[in-house]
Amino acid sequence: MKKRATLLIATLIFIGSFKGTAAIVIVNVQDFEFDPSSFTINLGDQVMWTWDNSAGQHTTTSTTIPPGAATWDQVISQSSQMFTYTPTVAGSYDYICIYHQAMGMVGHFTVNPVGIISIIPAPILAINGSLSSSINITINYGVPHTQKISLSLYDILGKSVGTLFSENRQAGVYMDTYPIDGLRNGVYFLQLKSSEAIVTRKIIIN
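Read on for an overview of the structure. By convention here, each chain's residues receive numbers from 1 onward along its written sequence. Residues qualify for local features only when their pLDDT is at least 70, as the model is predicted, and side-chain atom pairs are given and counted only at 80 or more; totals for whole chains, interfaces and linings, by contrast, use all residues. Each side-chain value is derived from all of the structure's non-hydrogen atoms; neither hydrogens nor water enter the calculation.

Both cavities and pockets are sets of points on a 1 Å grid over the protein atoms alone; in a cavity a 1.4 Å probe fits but cannot get out, in a pocket the set is open with protein on both sides within 12 Å along at least five of seven lines, and lining residues sit with an atom within 4 Å of a point. Grid points are joined across faces, edges and corners, and a volume is the space filled by probe spheres set on the points. Approximately 310 Å³ is the volume found for the largest pocket. Taken together, 15 residues form the lining of the largest pocket, with Ile26, Ile156, Leu157, Gly158 and Phe189 sitting closest to its centre. In this description a helix means any DSSP run of H or I spanning at least four residues, a strand means any run of E spanning at least two, and both kinds are numbered starting from the N terminus. At 4 residues, strand β3 (residues 20-30) tops the list of elements feeding residues into the lining of the largest pocket. Gly falls in the polar group here, along with every residue not listed as nonpolar (Ala, Val, Leu, Ile, Met, Phe, Trp, Tyr, Cys, Pro) or charged (Asp, Glu, Lys, Arg). Grouping the constituent residues of the lining of the largest pocket by class yields 6 nonpolar, 6 polar and 3 charged.

Have a look at this one:
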């Protein structure tokens, strides 16, 4: 039997400039709670809600947001496991699960203003599955100038599974392939990190 690796959202963009950085904050949608339930990000960062394997059906639904900001209302369930929102207005954001608000399933985040953010041409993160004895991660990415780049893997609980590489890279476009043999079936997160950006992507191995 073949083991299959699936990447949710295959396009990966480093966002950053000398005036600011950008990152993705992952909110785990669990039974009756968002984790973390409160955090602060910068304008240009993204918020990604991901469905926990033990959770039922939920939503992430905006309630009180800054004037001019886009509302959202997204089901998070086994059939719709992830939703990403990019704030375009600084300020305070409140949201709920419409099914479980009465049980305290609410969330909040604050968006701080930052300077102009430039977008480096989008590198692509791709997962290639093969026989169960050999699953490889192929990742393409751009480096705007010499800096330290690392690629790490985490399990669904946020525990480190290992660092695939961590080293200085000169400016250029790269394609690297790394084996991840022996991983159990389940949900994992890849985190590509530079001095200017942190980008995280969810993968499912089954």
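That shown, we press on.
Stacked, tilted and edge-to-face are the three classes assigned to paired rings of Phe, Tyr and Trp, where Trp is represented by its six-membered ring and a pair needs centres within 6.5 Å; plane angles under 30 degrees give stacked, over 60 edge-to-face, the rest tilted. Tallied over the full model, the rule gives 12 aromatic pairs. Note on Trp49 and Trp72: the rings are 5.6 Å apart at their centroids and 35° apart in plane angle, and the pair reads as tilted. Here Trp49, found in strand β6 (residues 46-51), pairs with Trp72, found in the loop between β7 (58-62) and β8 (73-76); they are 23 residues apart in sequence, far enough to count as distant. Of the two residues, Trp49 and Trp72, both sit in the buried class. With a centroid separation of 5.8 Å and 20° between ring planes, the pair formed by Trp49 and Phe83 is classed as stacked. Of the two residues, Trp49 sits in strand β6 while Phe83 sits in strand β9 (residues 82-85), which places them 34 residues apart along the sequence. Burial here depends on accessible area, computed with a 1.4 Å probe over protein chains only, as a share of the maximum for the residue type. Under 20% is buried, over 50% is exposed, and the range in between is partly exposed. When its relative accessible area of 0% is taken as the criterion, Trp49 is described as buried. Note on Phe83: relative accessible area 18%, which makes it buried. Ring pairs connect the aromatic residues Phe34, Phe39, Trp49, Trp72, Phe83, Tyr85, Tyr93, Tyr95 and Phe109, which therefore count as one cluster. Consider the ring centre and the ring normal. A charge sits over the ring if Lys NZ or Arg CZ is within 6 Å of that centre and within 35 degrees of that normal. Its end group placed over the ring of Phe165, Arg169 keeps NZ or CZ at 4.7 Å from the ring centre.

The next subject is the environment of Ile26. Among the structural elements, Ile26 can be located in strand β3. Separated by 57 residues in sequence, Ile26 and Phe83 place their C-alpha atoms 10.0 Å apart. Apart from the residues within four sequence positions on either side, Ile26 is in contact with Asp35, Pro36, Met48, Thr50, Phe189 and Thr200. Should any heavy atoms of two residues lie within 4.5 Å, those residues are counted as being in contact.

To continue, consider the sheet that holds β7. One bridge is not enough; two strands pair if DSSP finds at least two bridges between them. On the basis of which strands lie adjacent, the open sheet formed by 5 strands has the order β5-β11-β10-β7-β8 and mixed pairing. If you trace the sheet from one side to the other, it starts and ends with β5 (38-42) and β8, each paired once. Each strand of the sheet is rotated relative to its neighbour by a mean of 25°, with strand direction disregarded. Taken together, the 2 bridges between β7 and strand β10 (residues 91-96) define a ladder with antiparallel strand orientation. To get an axis, a line is fitted to the C-alpha atoms, and for a helix only the part in contact is used. The angle between two axes follows their N-to-C directions and goes from 0 to 180 degrees.

For the rest of this paragraph, the subject is the pairing of strand β15 (residues 160-169). The sheet contact formed by strand β14 (residues 147-155) and β15 spans 8 bridges and is antiparallel. Residue pairing in the sheet places Leu151 in a bridge with Phe165 of β15. Counted along the chain from β14 to the antiparallel partner β15, the turn is 4 residues long, and its residue Gly158 has a positive phi close to 85°.

This next bit is on the pattern of salt bridges. Proximity of charged atoms lets side chains of opposite charge pair with each other. Salt bridges are counted wherever a side-chain nitrogen of Lys or Arg sits within 4 Å of a carboxyl oxygen of Asp or Glu. Taken as a whole, this structure holds 1 salt bridge when the rule is applied. Among the salt bridges present, the one from Glu167 reaches Arg169, with a minimum N-O distance of 2.7 Å. Classification of Glu167 by relative accessible area gives partly exposed; the value is 37%.

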